[in-house]
Amino acid sequence: MTDREPGESARESPTVPAALRAGAALFNEGHVLAAHDPWEAAWLPLVEGLDERLLHGLIATAAATHHAATRNWSGAVGCADNAVEYLDGVESTSREIDVAPVHDWCRRLAADPETIERAVPPTIRIEGEAPRFGDLDLSTALLAAPALAGAVAPGDEGTFETAAELAREERGTGRTRFAELLFAFLRTPDTRPQVAARLADHVELETRKRRDVDDLF
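Rules and cut-offs
Residues numbered from 1 in each chain as written. Predicted model: local features only at pLDDT ≥ 70, side-chain atom pairs only at ≥ 80, totals over all residues. Heavy atoms only, no water. Helix = DSSP H or I, 4+ residues; strand = E, 2+ residues; numbered from the N terminus. Rg over C-alpha atoms; globule rule 2.2 N^0.38 Å. Buried < 20%, exposed > 50% of the residue type's maximum accessible area, 1.4 Å probe, protein only. Contact = heavy atoms within 4.5 Å. Areas by Shrake-Rupley, 256 points an atom, 1.4 Å probe, with all protein chains shown as cover. Lys, Arg positive; Asp, Glu negative; His and termini not counted. Charge placed at Lys NZ, Arg CZ, Asp CG, Glu CD. Phe/Tyr/Trp six-rings, centres within 6.5 Å; stacked < 30°, edge-to-face > 60°. Expected span 1.5 Å × (residues − 1). Patch = residues over 30% accessible without salt bridge, like charges linked within 9 Å, V, L, I, M, F, W, Y side chains within 5 Å. Salt bridge = Lys/Arg side-chain N within 4 Å of Asp/Glu carboxyl O. Polar contact = N/O pair within 3.5 Å; in protein donor to acceptor, adjacent residues only side chain to side chain.

### Remarks on the overall build of the chain
- When helices and strands are counted, the chain shows 9 helices and 0 strands.
- For the chain, the succession of helices and strands along the chain, N to C, is α-α-α-α-α-α-α-α-α.
- Relative to a compact globule of 217 residues, whose C-alpha radius of gyration would be 17 Å, the chain shows 19 Å and is just as compact.
- For the chain, the spread of C-alpha atoms along the three principal axes comes to 65 × 35 × 30 Å.
- A buried classification covers 48% of the 217 residues belonging to the chain.
- Taking contacts inside the chain between residues at least 6 apart in sequence as the whole, the part at least 24 apart equals 65%.
- Accessible surface for the chain amounts to roughly 10,800 Å². Of this, 48% is attributable to carbon and sulfur atoms.
- Computed over 22 positive and 38 negative side-chain charges, the separation of the two mean positions in the chain equals 4 Å.

### What to know about the environment of arginine 192
- Relative to the helices and strands, arginine 192 is located in helix α9 (residues 192–215).
- With 38 residues separating them in the primary sequence, arginine 192 and proline 154 have C-alpha atoms 6.3 Å apart.
- For arginine 192, the contacting residues outside a window of four places in its chain are His31, Phe133, Leu148, Pro154, Phe185 and Leu186.

### Topic: the packing of aromatic side chains
- Per the counting criterion, the structure on display carries 2 aromatic pairs.
- Here phenylalanine 27 and tryptophan 39 contribute two aromatic rings whose centre-to-centre distance is 6.3 Å and whose plane-to-plane angle is 35°, an arrangement assigned as tilted. Note that phenylalanine 27 is positioned in helix α1 (residues 16–28) and tryptophan 39 in helix α2 (residues 36–43), a separation of 12 residues in sequence.
- Accessibility expressed as a relative area gives 3% for phenylalanine 27, which makes it buried.
- Classification of tryptophan 39 by relative accessible area gives buried; the value is 1%.
- Centre to centre, the rings of phenylalanine 160 and phenylalanine 185 are 4.5 Å apart; their planes meet at 50°, and the pair counts as tilted.

### Focus: helix α4 (residues 73–87)
- For α4, built from 15 residues, the straight-helix expectation of 21 Å at 1.5 Å per residue is met to within 8% by its first-to-last C-alpha distance of 21 Å.
- Within two residues after α4, glycine 89 carries a phi angle of roughly 90°, on the positive side.

### Some details on a negative patch on the surface
- A contiguous patch of negative charge on the surface is contributed by Glu29, Glu96, Glu127, Glu129 and Asp135.
- Within the secondary structure, glutamate 96 is located in the loop between α4 and α5 (100–111).

### Describing the side chain of arginine 192
- There is no salt bridge for the buried arginine 192, and the closest opposite charge comes from glutamate 29, which lies 6.1 Å off by N-O distance.
- Within polar-contact distance, the side chain of arginine 192 engages the backbone oxygen of phenylalanine 185 at 2.6 Å.

### A few points about the pattern of salt bridges
- In this structure the tally under the stated criterion is 6 salt bridges.
- For aspartate 51, the salt bridge goes to arginine 95, with nearest N and O atoms at 2.7 Å. Here arginine 95 lies in the loop between α4 and α5 and aspartate 51 lies in helix α3 (residues 50–69), a separation of 44 residues in the sequence.
- One salt bridge in this structure joins arginine 168 and glutamate 165, with 2.8 Å as the shortest N-O distance. Highlighted residues: arginine 168 and glutamate 165, both in helix α7 (residues 157–170), separated by 3 residues, approximately one helical turn.

Structure, rendered in structure tokens:
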């Protein structure tokens, strides 16, 4: 037992493939601004290179699409211009992501942000597939769930980040309580309020148990 509370451990940045997939699922499910979170987490430690440009371009794409959807036309144009600039030259990457439709979408938004009222954002494809919540494995679900919680009313992002840390600790122990609840939150939108409440209860209980143990020493 450590002297840290759940969620207080130093989090490592996610791998680029995991962040790309988690963000793509969020974007494809319609939570375009939330897709920004896993992409940014993987982008922040990068200095330069194709991965940095790709992630930066996707982050700007999410922001441009969100601004357009909320009729912030100037914000949409500015972010779309940035996305076009960063995505130039990364159509062919080792990450197997189909950049061309995203690049084209941002060009259209930059020229006419009201495009969003006549067309839907592109589907982001990785290795020929369009990830959605039902396609995520544990590592990518643990990135997507807190981001989704921050975007929808039934969830509290901080609680979900702690739950994700606890789910990582469960690996190899035979316990899957937190992982199962996080998967359920992603995959069953109709029950998200109930799942979020159960998850918060379990996080609070686990946190209290650890505090009680720490107080013994």
